[in-house]
Amino acid sequence: MGTPELRICHLYPELMNIYGDRGNVIALAQRCRWRGYGVRVTPVSLGDGLDPTEHDLYFIGGGQDREQILVCEDLAREKGDALRQAVEDGAALLSICGGFQLLGDHFLTYTGEDLPGISLFDAKTAGGDARFIGNVAVESGLEGVEGVLVGFENHSGRTYLGSGCRPLGGVIRGYGNNGEDGQEGCVYRNAIGTYLHGSLLPKNPRLADWLILRALRRRHDLDELPRLDDSLEEAAHRAALELTLREKRRRGVSP
Amino acid sequence: MAAGKAVTQLSRRLGAGAGSNFPGRVVLRLYPEAPEEMAASLAGGCVLVSGTNGKTTTSNLLAGMMRAGGMLPVHNRVGANLMTGITAALAQASDRKGIPRGDIGLFEVDEATLPAAVRRLRPRLVIVTNLFRDQLDRYGELESLARKMDAALKDLDGEAVVLLNADDPLVASLGRDCPARIYYYGIEYAGVAEAGLRHAADSKHCRECGSPLDFKANYFGHMGKYSCPGCGAARPPVDFAATHIELSGTRGSRVRLSTPRWQGELFLGLPGLYNVHNLLAASGCAQLLGLDREAVERGVEGYSTAFGRGERIPVGGRDLFLVLSKNPTGFNEVIRTLRGEGTGLPLLAALNDRIADGRDVSWIWDVDFEELAPLARYLVATGTRARDMALRMKYAGLHPSAIRVEPELKRALRAALEGADEGETVYALTTYTATLDLRRLLTRMKAAPGLWKEA
């Protein structure tokens with residue numbers, strides 16, 4: 001079996017890349033390299049085929065309206081099925097903002113367009129009139145991550161989860177999925193959806209490792225990952241959290 | 001002119017370094033018609049410069065050309081580009097009767113303020129430099145911003161003129177249903193093009209039909225020579241072109257200009273291709289205003305750097321090279337410029353997340369710091385988001401032992417200078433408000449001339 005290798009599939013990198021989301025892929029790749037693991041990042045975009053057995057971890061970021069419509073149409077072809085299959089088979093997945101919205105049941109935009117999702121997550125999104133913008137802090141109970149996640153949200157979509165998935169965490173500061181129920185993000189098997197930009201993973205290294213470990217376990221016998229020196233990551237996390245908690249303008253929605 | 005008079009006196013009493021929005025806010029509250037009245041008394045009308053990057057540099061270059069050509073511009077100099085800042089600039093340039101002491105208005109205008117500025121100032125010429133995802137947390141998405149700008153241009157008078165950057169597909173698509181005559185500028189020199197688009201490129205799809213654009217040449221960001229394989233839309237032919245460019249690192253560039261009236265070569269003391277665009281915008285506008293070649297050349301020669309946009313300041317026996325880096329494309333161009341400076345460079349990077357910088361610092365992950373890391377000997381990270389900056393450089397491959405976090409600017413500056421050798425250059429890459437902070441600090445240290453240089 002040899003040295004573990006993480007095979008990342010970066011979906012629509014040139015379309016779904018708003019707000020520095022590619023930092024998540026950089027973080028995943030570097031955290032493998034620093035452990036001596038191999039990494040392969042494969043960009044997969046409009047019209048490309050997707051083999052669900054070829055990758056261990058899928059990433060899709062956020063995009064602007066026009067890009068999101070193009071991607072929605074493309075996912076409705078075979079790619080959506082392949083992605084669902086991969087997640088059912090245990091692949092890890094991280095989707096941010098617009099990517100997250102397209103993996104739910106459907107996305108009803110504010111202007112009235114109904115974009116069908118691929119129903120990987122039991123979630124529905126409707127566009128709202130005001131944008132939710134600002135720093136976010138989320139308390140997550142995800143196994144091995146337990147603690148606060150920090151990020152920045154910027155979305156007008158309001159997402160509501162069904163019973164088929166659970167939230168990534170409860171909002172401490174910020175809006176989260178919809179600004180009403182105190183929930184942020186969504187988890188189904190090893191797949192995560194969230195509104196947190198930031199980039200999310202560099203400042204939340206335990207979540208990065210949660211994804212890496214689950215992705216590698218598909219093909220490698222691993223109990224846990226070797227520890228890395230995360231002092232800079234933790235300092236950045238602490239500073240961002242302090243700053244977020246200090247802000248008075250954000251109303252917290254209690255979970 | 002009763003309002004103008006009162007406004008001027010009020011504004012004087014409120015006092016203000018340029019760039020302060022406070023007096024403008026008060027004036028607008030008390031005399032909502034003040035900008036209209038004062039602008040209407042400018043004999044030569046108003047020129048507005050809008051777009052994400054290059055507003056200040058373009059305006060300053062243009063102001064120099066105007067003065068060299070005998071015009072007396074009223075100019076908001078230091079990035080105070082909302083209606084409040086423009087009002088304050090008008091008021092401060094006015095005499096006791098409220099008449100502006102100048103014959104032409106030259107205002108840089110925030111992209112989102114353009115509709116209001118066109119409506120109120122009735123400009124004779126509008127320049128749009130480029131549109132990048134600079135502060136989407138303020139503006140929403142580029143497409144909706146472009147729609148607002150289209151509406152603003154549609155509102156222009158029929159005898160007005162618009163000057164657009166043809167190399168930016170989104171900017172070149174502006175001006176639908178605009179009654180004004182549209183001119184274009186752009187780079188016509190393949191020697192500075194790179195192969196393929198960078199991931200930080202923002203506008204890669206045809207605005208008409210949504211197909212991915214085909215880039216035959218790419219200069220930086222999404223600037224280039226493009227066409228749409230879907231609907232056939234293409235980059236418009238340019239009226240003002242740079243036909244040869246020789247980049248010489250942080251010192252500047254030698255540029256050959258081609259215009260409808262003349263062709264000539266000049267040296268621009270500002271680094272990077274993005275400044276060639278600024279030169280094209282300014283010199284094109286100067287000619288559309290009727291200024292001659294000599295005024296353009298003298299304006300460029302006599303140019304003093306827009307503060308913080310690439311200037312060298314001696315401090316503590318070292319040279320501090322100060323350059324504003326506020327969004328992915330701007331930063332990538334700075335990095336490209338630094339590639340000409342060798343390796344083992346001492347770096348100071350200041351990242352702030354104040355409102356004027358954009359509260360969201362996610363954009364640093366779109367910058368190719370992977371290309372900067374191998375050039376750096378060390379990096380001192382500072383600003384309100386110092387640790388985010390440090391983390392970005394760690395993930396870009398700079399060893400943590402070469403990264404130092406000093407959130408407090410003064411300590412950071414000292415650390416960055418102390419790490420450098422006598423006579424060596426320290427490169428300071430700073431976001432907007434961090435540039436202001438650093439200049440203020442240097443002024444206090446008596447190393448730099450006063451921050452608010454009089455026009």
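The structure presented is a predicted model; accordingly, all values stated were derived computationally and were not measured. (Residues numbered from 1 in each chain as written. Chains lettered and ligands numbered in written order. Predicted model: local features only at pLDDT ≥ 70, side-chain atom pairs only at ≥ 80, totals over all residues. Heavy atoms only, no water.)

Q: Account for the overall build of chain A, with residues named and values stated.
A: Helices and strands together make up the secondary structure of chain A, namely six helices and 12 strands. Expected size for 255 residues packed as a compact globule is a radius of gyration near 18 Å; at 17 Å, chain A falls within 12% of this value. The principal-axis extent of the C-alpha atoms belonging to chain A is close to 50 × 45 × 30 Å. Split into buried and exposed, the 255 residues of chain A put 63% on the buried side. Contacts spanning at least 24 positions in sequence make up 71% of the contacts within chain A whose residues lie at least 6 apart. Accessible area of chain A: about 9,600 Å², with a carbon and sulfur share of 47%. Across chain A, the mean location of the 29 positive side-chain charges is 5 Å away from that of the 37 negative side-chain charges. (Helix = DSSP H or I, 4+ residues; strand = E, 2+ residues; numbered from the N terminus. Rg over C-alpha atoms; globule rule 2.2 N^0.38 Å. Buried < 20%, exposed > 50% of the residue type's maximum accessible area, 1.4 Å probe, protein only. Contact = heavy atoms within 4.5 Å. Areas by Shrake-Rupley, 256 points an atom, 1.4 Å probe, with all protein chains shown as cover. Lys, Arg positive; Asp, Glu negative; His and termini not counted. Charge placed at Lys NZ, Arg CZ, Asp CG, Glu CD.)

Q: Outline the sheet that holds strand 3 (residues 57-60) of chain A, supporting the account with residue identities and numerical values.
A: Residues and elements named next belong to chain A. Here six strands make up an open sheet; going across it, the order is 2-1-3-4-12-11 and the pairing mixed. Among the strands making up the open sheet, the edge pair consists of strand 2 (38-44) and strand 11 (186-188). In this sheet, neighbouring strand axes are inclined to one another by 15 degrees on average, regardless of whether the strands run parallel or antiparallel. Here strand 1 (residues 5-11) pairs with strand 3 via four bridges, running parallel. The partner of His10 across the bridge, within strand 3, is Phe59. Sheet strands in contact with helix 2 (residues 65-88) are strand 1, strand 2, strand 3, strand 4 (92-96), strand 11 and strand 12 (191-194), and its direction is about 150 degrees off that of strand 3. (Pairing = 2+ DSSP bridges. Axes fitted to C-alpha atoms, helices over the stretch in contact; angles between N-to-C directions.)

Q: Tell me about the packing of helix 6 (residues 114-121) of chain B against helix 8 (residues 142-154) of chain B, and name the residues and values.
A: All names here are of chain B. Look at helix 6 against helix 8: their axes get within 8 Å of each other, and the N-to-C directions meet at 10 degrees. As far as their axial angle goes, helix 8 and helix 6 are roughly parallel. Contact residues: Leu114, Pro115 and Val118 in helix 6; Lys148, Met149 and Ala152 in helix 8. A per-class count over the contact of helix 6 with helix 8 returns five nonpolar, no polar and one charged. (Parallel < 35°, antiparallel > 145°, perpendicular 65-115°, else oblique. Nonpolar A, V, L, I, M, F, W, Y, C, P; charged D, E, K, R; others polar.)

Q: I'd like a description of the pattern of salt bridges, backed by residues and values.
A: All chains considered together, the criterion is met by 45 salt bridges over all chains. A salt bridge links B:Arg235 to B:Glu188; the nearest nitrogen and oxygen atoms lie 3.1 Å apart. Residue B:Arg235 is found in the loop between strand 8 (223-227) and strand 9 (240-248), and its partner B:Glu188 is found in the loop between strand 6 (181-187) and strand 7 (214-220); the two are separated by 47 residues along the sequence. B:Glu188 gets classed as partly exposed once you look at its relative accessible area, which sits at 29%. The partner of B:Arg385 in a salt bridge is B:Asp388, with the nearest N and O atoms 3.3 Å apart. Here B:Arg385 matches B:Asp388 in class, with each residue buried. Through salt bridges with shared partners, a single network forms among A:Arg31, A:Arg35, A:Asp209, A:Asp230, A:Glu233 and B:Lys394. (Salt bridge = Lys/Arg side-chain N within 4 Å of Asp/Glu carboxyl O.)

Q: Got a sec to walk through the interface of chain A and chain B? Specific residues and values, please.
A: If you look at the interface, chain A gives 38 residues, while chain B gives 35 residues. For the chain A and chain B pair, buried surface summed over both sides reaches about 3,200 Å², with 51% attributable to carbon and sulfur atoms. When the buried area of chain A at its contact with chain B is split by residue, A:Arg22, A:Arg66 and A:Leu232 rank highest and sum to 20% of it. In this assembly, chain A and chain B are joined by five salt bridges. As a salt-bridge pair, B:Glu370 and A:Arg22 come within 4.0 Å of each other at their nearest N and O atoms. At the junction of chain A and chain B, the tally comes to 15 residue pairs in polar contact (both at pLDDT 80 or more). Those elements that place two or more of their residues in the side of chain A that touches chain B are helix 1 (22-33), helix 2, strand 7 (123-140), strand 8 (147-161), helix 4 (200-203) and helix 6 (231-246) of chain A. (Buried area = accessible area lost by both parts, 1.4 Å probe. Polar contact = N/O pair within 3.5 Å; in protein donor to acceptor, adjacent residues only side chain to side chain.)

Q: For the domain arrangement of chain B, give the residues involved together with the corresponding values.
A: All names here are of chain B. When its domains are assigned, chain B resolves into domain 1 (2-301) and domain 2 (309-444). Centre-to-centre, using C-alpha coordinates, domain 1 lies 27 Å away from domain 2. With 27 residues of domain 1 at the interface, the matching set in domain 2 holds 28 residues. When domain 1 packs against domain 2, close to 2,100 Å² is buried across both sides, 43% of that on carbon and sulfur atoms. (Domains from an automatic or database assignment.)

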